Amino acid sequence: MDFEYTPEEQAFREEVRTFLAENLPRKAERGTDFLATWLAKVREKGWVGFSWPKEFGGSDGGLIEQTILREEMALAKAPPLGTSFMGLAWVGPGIMQYGTEAQKKKFIPDILDSKVTWCTGYSEPNHGSDLASIQCKAVREGDHYLVNGQKTWTTGAAFSQWIILLTRTSFDVEVKHNGITCLLVAMDSPGIDVRPIENMAGDRHFAEIFFTDVKVPVENRLGEEGDGWKVTVSALANERSSIGEVTQMFGKLDTLKALVKRTNRQGKPASKDPKVRRTLAVFEAKIAAMKYNGLRYLTKQIRGEPLTSETSVNKLHRASLEIEMDDFAVELTGQSGLQLKGGSDAVENGRWAKSSLNWPNVVIGGGTPNIQRNIIAERILGLPKD
Amino acid sequence: MNFGFTQEQEMLRDQVRRFMTEACPMSTVRELTAKDAPFSEKLWDQIASLGWLGLIVPEQYGGIGLKWIDLALVLEETARGLSPLPILSQALASAAVLRAGNDEQRANWLPALASGEVRATLALYDEPNWFDAQAVTLTGIPVDDGIELHGRKPFVADAMSSNQLLLAYLGPAGLGLAAIGKSQVKVTEEPSMDVTKPTGSIILDHVQVSADRLMPISPEDLAYLADCGAVAVTAEMVGAADTTLTMTSNYAKERIQFGKPIGQYQGVKHRLADMFVDVESFRSLLYYAAWCIDDAVGELPRAISLAKGYASDAFVRIGIDGVGLHGAIGFTAEYDVQLYLKRSKWSRPMYGDSDYHLDRVATLGGI
């Protein structure tokens, strides 16, 4: 057990820090072309798709270097390394694993160069947590599939150029997981209708998508027909380690502490209130637990030992923190905490009020807490399936 | 960067687990605890010969010279079956001599502690729930060649099975630890909820202690030893909580109600999943805290307060739900899960409950 980094790893950390010092101006000093310059520079460094194989344009970055990169980026509150979060997180890895040579050539460079943004068409109105029951239909007709059906809660649908789409190609199966096929679909295909949905925070992050006789060339099928579930599951397994998240959450905890220090409750400093102190410490304990859980799992990965769904542990912590930290700030600041951007007494221009309403992005997307509990109970503790 | 155990450490864990399962199963624990002052000379000699009592004692003093992270692993494993052996007390007494003893005292005490020949315990605070130098109220009055102790030590873990007692006192020159032979004092065994953790109280009525048996300590030493105590207790909590979870999961797989194993119902399986999240989390926090003792002692206070602050509440919930999920059978004296509930309650105040540790986390974090 040791928490030291090798000289090479430390040198890499220094390299990232130096880069950030030189290329990440303060927010107020950022010009309109900042983001484009940033994306080009991190791309040039080989940090976009850092863990991806060199043959696909990545850097073959090792697990520890990946961790260092994420940690430093989060610490500096740097913008993302690419504009397509989902493209980098699972579409790209999915294509590298299951895609044809033509697909790799066509899609991978655009993801790395932030030329194309991807969204993910999994959930349907009647099939969310029970994803394998999807009904969106794709029928093979010669050299294309004809897609009919509906997706919903699709984050980023309104501004994405491509969607990774789960469809049902066979209804006549004993096991619902069979008969699912994964298609890569251009969002400007005729027959696609995107209708943004407003969420409770007033944002329009997600949308419902209607597919009416949408033609998808067979060459855009990812994996074999009927293998869509396998492709999806292994794509979702390409989840990022939680280390970057942990750094972010320690940062958020610091801003909460700063808020506590300048807030009064019942005429007394909130920082003296035992409940406030305890709540902050519980957050810190959970974030620290995520950190050390994450490092234990990372060590397992480095040693080549299999992980059995342990990442669900940190997802559950993340979910509860996502809800509780923002809610704590809103409660702490009383009626001011309710005011939104522009309110005369708004706290930090309504930042906490707003974010306290956006938790479902993290908590529901990617598997609800109850689904994570099922995963732990069934795969780790060996309890019978529902 | 490596937050995992070595092969040697895994072998040590296996050795402890195997030995405890065979030599100290629950039937033995129940037999031992049915008597006053549960202890077994035979088991004690066996574990002494396996080297577990001298784990953190340097080789020059007859120990193995390993670190607290190794000790934590052993305590985790010995606590799985709620062994009543005073391994934790012996370890803390060794840590105290290492920290506070002079060369002569180290040379005198440590080999005997490592070999198990001397059985010792450490008692720091005299208040039921206050972890501060002010909570050391046993008074030392200077006399020729030493001090005279006057007062009461109400909470002395494993006092009955120990033959030497390391007691914190407050003298005119400050705090100190006094090593007292048990025959010099009156030890009263106190009836307590957890019979696997025998506790005594000691009355000291003008007890003379010679200078060679006194170790002066600073408030920082006291706090360090309390933090070591919290690490040791939390390590045991990891093992005991993990067993509670396994026991309850196994029961949920076998118990059929409404035609299905109860572990198939989300009301049951989700609670078990949450228990797993908690055990896994305070286990990670504890390993880090144990590592800090030897390798980053400046981080120890925050690290152990995060771990014990988390574990104290989580284990009590696990103990209650462990019994609750078993239904009425869990409530019976005959069934073992109730012993784990009692252990969870015992663990909570030991070296600080969650209120104490979480408040310290806030303070250390600048709040």
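**Considering the overall build of chain A**
- Each helix and strand counted, chain A has 12 helices and 10 strands in total.
- Computed over the C-alpha atoms, the radius of gyration of chain A is 22 Å, within 12% of the 21 Å expected from 2.2 N^0.38 for a compact globule of 386 residues.
- With the principal axes as the frame, chain A shows a C-alpha extent of 75 × 50 × 50 Å.
- Relative to its 386 residues, chain A shows a buried fraction of 51%.
- The contacts of chain A with a sequence gap of at least 6 include a subset with a gap of at least 24, amounting to 68%.
- Of the accessible surface of chain A, which amounts to about 18500 Å², a share of 51% is contributed by carbon and sulfur atoms.
- Averaging the locations of the 49 positively and 50 negatively charged side chains of chain A gives two centres separated by 5 Å.

**Quick look at the interface of chain A and chain B**
- Each partner contributes to the interface: chain A provides 46 residues, whereas chain B provides 43 residues.
- In this assembly, chain A packs against chain B so that about 4200 Å² is buried in total across both faces, 62% of it on carbon and sulfur atoms.
- Put simply, chain A and chain B have eight salt bridges between them.
- Taken together, the links from chain A to chain B amount to 31 residue pairs in polar contact (both at pLDDT 80 or more).
- Those elements that provide at least two residues to the side of chain A that touches chain B are helix 7 (243–261), helix 8 (274–302), helix 9 (311–332) and helix 12 (369–380) of chain A.
- Top contributing element to the side of chain A that touches chain B by residue count: helix 8 of chain A, with 17 residues.
- In terms of residue class, the side of chain A that touches chain B is made up of 24 nonpolar, seven polar and 15 charged.

**Re a negative patch on the surface**
Residue and element names in this part refer to chain B.
- A contiguous patch of negative charge on the surface is contributed by Asp103, Glu104, Asp144, Asp145 and Asp212.
- Within the secondary structure, Asp145 is located in the loop between strand 2 (139–143) and strand 3 (146–157).
- Take Asp145: its relative accessible area is 58%, and that puts it in the exposed class.

**What to know about the domain arrangement of chain A**
All names here are of chain A.
- Under the domain assignment, chain A is made up of domain 1 (7–82), domain 2 (118–232) and domain 3 (243–380).
- Taking only C-alpha atoms into account, the centre of domain 2 sits 32 Å from that of domain 3.
- For the pairing of domain 2 and domain 3, the buried interface totals around 570 Å² over both sides, and the portion due to carbon and sulfur atoms is 50%.
- Area buried by domain 2 at its contact with domain 3 is led by Ser129, Met200 and Ala201, which between them contribute 67% of it.
- Taken together, the connections running from domain 2 to domain 3 amount to one salt bridge.

Rules and cut-offs
Residues numbered from 1 in each chain as written. Chains lettered and ligands numbered in written order. Predicted model: local features only at pLDDT ≥ 70, side-chain atom pairs only at ≥ 80, totals over all residues. Heavy atoms only, no water. Helix = DSSP H or I, 4+ residues; strand = E, 2+ residues; numbered from the N terminus. Rg over C-alpha atoms; globule rule 2.2 N^0.38 Å. Buried < 20%, exposed > 50% of the residue type's maximum accessible area, 1.4 Å probe, protein only. Contact = heavy atoms within 4.5 Å. Areas by Shrake-Rupley, 256 points an atom, 1.4 Å probe, with all protein chains shown as cover. Lys, Arg positive; Asp, Glu negative; His and termini not counted. Charge placed at Lys NZ, Arg CZ, Asp CG, Glu CD. Buried area = accessible area lost by both parts, 1.4 Å probe. Salt bridge = Lys/Arg side-chain N within 4 Å of Asp/Glu carboxyl O. Polar contact = N/O pair within 3.5 Å; in protein donor to acceptor, adjacent residues only side chain to side chain. Nonpolar A, V, L, I, M, F, W, Y, C, P; charged D, E, K, R; others polar. Patch = residues over 30% accessible without salt bridge, like charges linked within 9 Å, V, L, I, M, F, W, Y side chains within 5 Å. Domains from an automatic or database assignment.

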